[in-house]
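Residue-level structure breakdown
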Amino acid sequence: MFESFKKIFLLVFILLLACKMTAQFNETIRSGRPGQSIGGYTVGKNILQFQQGVEYDGQINNENKPTAFITDHVIRFGVMERVELSTLFDYHKDTFTIKDSIFSYHGINNFHIGFRVNISEQQGILPTTAFQMRLKMPGVSNNFGANNLAPVMTFVANWNLSKKLTLGTNWIYTTNGNDPIVTGKYVINLGFPISNKLSGFIENYGQLRKDVFETRFDAGFAYIATKNIQLDASAGYGKNNELQDYFVSLGISWRVNFNKSIKQNQ
């Protein structure tokens, strides 16, 4: 496994050498929230960005009435113009009912560390591209998590279709850390502006694991409160193998620009 990781890091280094190091910093914050997809850009050098949310999940026609309350956190920091380091962790509280008895368990479900590199910007029909790799760390919780280190690799290809429409795609390779079975995932995101500060999206995402395919839809809004703060709301629904599930989510993204303090200290 570690030999494969070395090859990936070498590939990223070669891509960086081949790319023109254009700035990634944007005047208004660009967040991975809301939705399942991630963008093709990094936060920019010396930018520290936080993306945080709360989510409620449920199943409509499951007799055990499982629900989940989730808080998720992503921290991103730009070490170069086109390279960022990041970590992700989320806390779950799951509840279900068996014969009128209510059971619940809680703990950290995911703890990932990794990086993202912007490979190219859109030129004509060629998309903005990026590669992100995070490692899911084992042994983070008694009730959740993985037993072994697991990679989560994402290739991003995004297009500006017009001044009003964006098309984002993610293609993901991952394992769960408990068995060697590979899961392939995809996300297709259509974004659109509503006003100067408000934007919306609709999204389809799914996965294939051991010949079992699942797909879901979600949609939501993002509001730019200030150039460094974004608020969001989203909801999703899926029906797979006769089970219907849904989620609702609220979130905030904010950033700190250390470039200003660096200039003041020079």
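Procedures and definitions
Along each chain, residue indices are assigned from 1 in the same order as the chain's sequence is written. Selection of residues for local features in this predicted model requires a pLDDT of at least 70, selection of side-chain atom pairs for listing and counting requires 80 or more, and totals for whole chains, interfaces and linings are taken over all residues. As a convention, hydrogens and water are excluded, and side-chain values are obtained from all of the structure's heavy atoms. Note on conventions: DSSP H or I runs of at least 4 residues are helices, E runs of at least 2 residues are strands, and numbering of each starts at the N terminus. Contact definition: two residues touch when any of their heavy atoms are within 4.5 Å. Each pair of aromatic rings taken from Phe, Tyr and Trp, with Trp reduced to its six-membered ring, is defined by centres within 6.5 Å and is described as stacked if the planes are under 30 degrees apart, edge-to-face if over 60, and tilted in the remaining cases. Per-residue accessibility, obtained with a 1.4 Å probe over protein chains only, is compared with the maximum for each type, and a residue is labelled buried under 20%, exposed over 50%, and partly exposed between these values. Should the NZ of a Lys or the CZ of an Arg lie within 6 Å of a ring centre and within 35 degrees of the ring normal, that charge is described as sitting over the ring.

A few words on the environment of Lys197. By the secondary structure assignment, Lys197 is in the loop between strand S8 (183-193) and strand S9 (198-209). Taking the C-alpha atoms as reference points, Lys197 and Gln230, 33 residues apart in sequence, are found 9.3 Å from one another. Apart from residues lying up to four places away in sequence, Lys197 is in contact with Ala222, Tyr223, Ile224 and Ala225.

Here Ala235 is to be found in strand S11 (residues 229-240). For Ala235 and Asp218, which are 17 residues apart along the polypeptide, the C-alpha to C-alpha distance reads 5.5 Å. What Ala235 contacts, discounting residues up to four positions off in sequence, is Phe217, Asp218, Ala219, Phe247 and Val248.

Glancing now at the packing of aromatic side chains. All chains considered together, the criterion is met by seven aromatic pairs. Aromatic pair Phe50 and Trp254: ring centres 4.3 Å apart, planes at 15°, arrangement stacked. Taken together, the residues Phe50 in strand S1 (residues 47-59) and Trp254 in strand S12 (residues 243-257) connect sequence positions 204 residues apart. Take Trp254: its relative accessible area is 30%, and that puts it in the partly exposed class. Relative to Phe144, the ring of Tyr105 has its centre 5.4 Å away and its plane inclined at 35°; by these criteria the two rings are tilted. Highlighted residues: Tyr105 in strand S4 (residues 101-120) and Phe144 in the loop between strand S5 (128-136) and strand S6 (150-160), separated in sequence by 39 residues. For Phe144, a relative accessible area of 14% corresponds to the buried category. Among the aromatic residues, ring-to-ring pairing joins Phe96, Phe103, Tyr105 and Phe144 into one connected group. Over the ring of Tyr41 we find Arg30; its NZ or CZ atom is 4.1 Å from the centre of that ring.

None of this, on its own, says anything about what the molecule does.
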